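Architecture at a glance
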Amino acid sequence: MLTQVSRSEEARNILIQNDRGGYTIPTAGLYPYQWNWDSAITAMGFAEFDIGRAWQELETLFSGQWADGMVPHILFHKADAGYFPGPDVWGGTGPIPSSGITQPPVAATMARLIWNKDRSAGTPRLKTLWPKLRAWHTWFLKWRLDQGAVCVTHPWEAGRDNAPDWDGVMERIDPVGVGEYERRDTSHVDGSMRPTKHDYDRYIWLVQMGNRLKWDQAKLLEENPFRIADPTMTFLLLRAHRDLLAVGEELGLQTAGMAEEIALLEKGAATLWNPELKSYDSRDAKTGLWTGCISNASYLCWLAGLDSPDQAAHLERSLERVKFGVASYDPTGEKFDSKRYWRGPTWAFMNFLIGLGLEEQQHPLAPRLRAVTREVIRQHGFAEYFDPTDGSPAGGQSFTWTAAVWLGWASKDLGAA
Ligand code: GLC
């Protein structure tokens, strides 16, 4: 078994090896491009040993920002035949080839953490980045709200690709005309750990629709059947907007209207409380129906500044049931599948985001999250995700954000800078 020190060395090497010149890929083979929230988390990892490179990661991400403010979930900097769906299937309309959807906005939160590590190095970089972050958040507020909660329009947009939250709407989609295509993910990773063909047909069908409509948000609002108010997006945007406001005030920037926007997002977050489940849940914005899922996204409430004893009771129950981290889906739920991606496995970066929120609120459950994440990585390395019942590594290996989470959070003692 490797020691903590050699794991740290390994983690730095993963970041360096997955660096493609100004941006990192999540892992070679399976994900050969720049992913949005992966990059933001990765920047935090770089900040542990190269602060300039940390800022560069965020700057490269924003080099792909569209004219309307949207920041794509994938930037296709250099073509790679090993990935599907590539730039031609997406037909992104931004300054560089990209997907047409976004991902949870954690960049402002990570930028603030990085800035706080070294303010003199960070201030000029953050001043340039700030209006871009603001434009992205404004885009969410303009196009994605449902009663103040933030919606996703594709499973990939939530970053929780095959979560059970989406099963109901995916069932209603008839992927007519999707045509023949060749999946590449299952040639890199065991198919039992990946989404099914049923899901994949619908992922591609939704992409084809966006491409056909040239990613016109007004048209998509009418045509796209997939519109789900999601705790991932809602909590993370609420948190990120709080960070952006705090930083903007300190830097003396124009923050008019932001406090009201935060109040609106707070109201939206409250609408995601499912009283029957006694948990934050996703809500189908088209039908108004709950999806009935307690997921790891439900536990992002603390990061958004919201406390809930009922939610904490679910978390405690989950941590008792599975010992190797927060399961991505309720381990007592009927759809729990310990190896299949977002239907059970534990993800180090989600444990980090949940843990950070708990730590800030000095919640009694906080130390467990850090300890358990440290242990699973110490024992099993830098996998994409882990089976939470026995800790076994799953998905892609040498994974960038798992390494970043080790460097910036999991390997450190609680309270250490
Ligand atoms: C998968 C994950 C998503 C992540 C991407 C790259 O699609 O579900 O959250 O951003 O891989 O790591």
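Residues numbered from 1 in each chain as written. Predicted model: local features only at pLDDT ≥ 70, side-chain atom pairs only at ≥ 80, totals over all residues. Heavy atoms only, no water.

1. With respect to the pairing of strand β4 (residues 149-152)
Quick note on the threshold: Using a 1.4 Å probe on the protein chains alone, a residue whose accessible area is under 20% of its type maximum counts as buried, one over 50% counts as exposed, and one in between counts as partly exposed. Here a helix means four or more residues in a row that DSSP labels H or I, a strand means two or more in a row labelled E, and each is numbered from the N terminus. At least two DSSP bridges between two strands are required for those strands to pair.
Side chains Ala149 and Cys151 project from β4 onto one buried face, and the interleaved Val150 and Val152 project onto a second face that is buried too. Alignment of strand β3 (residues 145-146) against β4, held across two bridges, turns out to be antiparallel. Its bridge partner being in β4, leucine 145 is matched across the sheet by valine 150. Between β3 and the antiparallel strand that follows it, β4, lie two residues; glutamine 147 among them carries a positive phi value of about 55°. Note: β4 against strand β5 (residues 228-229), two bridges, orientation antiparallel.

2. Comments concerning the pattern of salt bridges
To keep things clear, this is the line we draw: Whenever Lys or Arg places a side-chain nitrogen within 4 Å of a carboxyl oxygen from Asp or Glu, that contact is recorded as a salt bridge.
Here the structure, examined in full by the defined rule, presents 31 salt bridges. In this structure, the salt-bridge partner of arginine 239 is aspartate 243, at a minimum N-O distance of 2.8 Å. With a gap of four residues between them, arginine 239 and aspartate 243 both fall in helix α11 (residues 231-250), about one helical turn apart. The pair formed by arginine 239 and aspartate 243 is uniform in burial state, with each residue classed as buried. Overlapping salt bridges, with partners in common, bring together Arg112, Arg239, Asp243 and Glu360 in one network.

3. What about the UniProt feature "domain: Mannosylglycerate hydrolase MGH1-like glycoside hydrolase" (unreviewed entry) in the protein chain?
Put simply, the test is: UniProt positions are given in the numbering used here, feature names are shortened, and annotations may be inferred rather than shown by experiment.
The residues that UniProt annotates with the feature "domain: Mannosylglycerate hydrolase MGH1-like glycoside hydrolase" (unreviewed entry) are residues 31-402. Each end of residues 31-402 is marked by a C-alpha atom, and these two atoms are 14 Å apart; helix forms 47% of the span and strand 6%.

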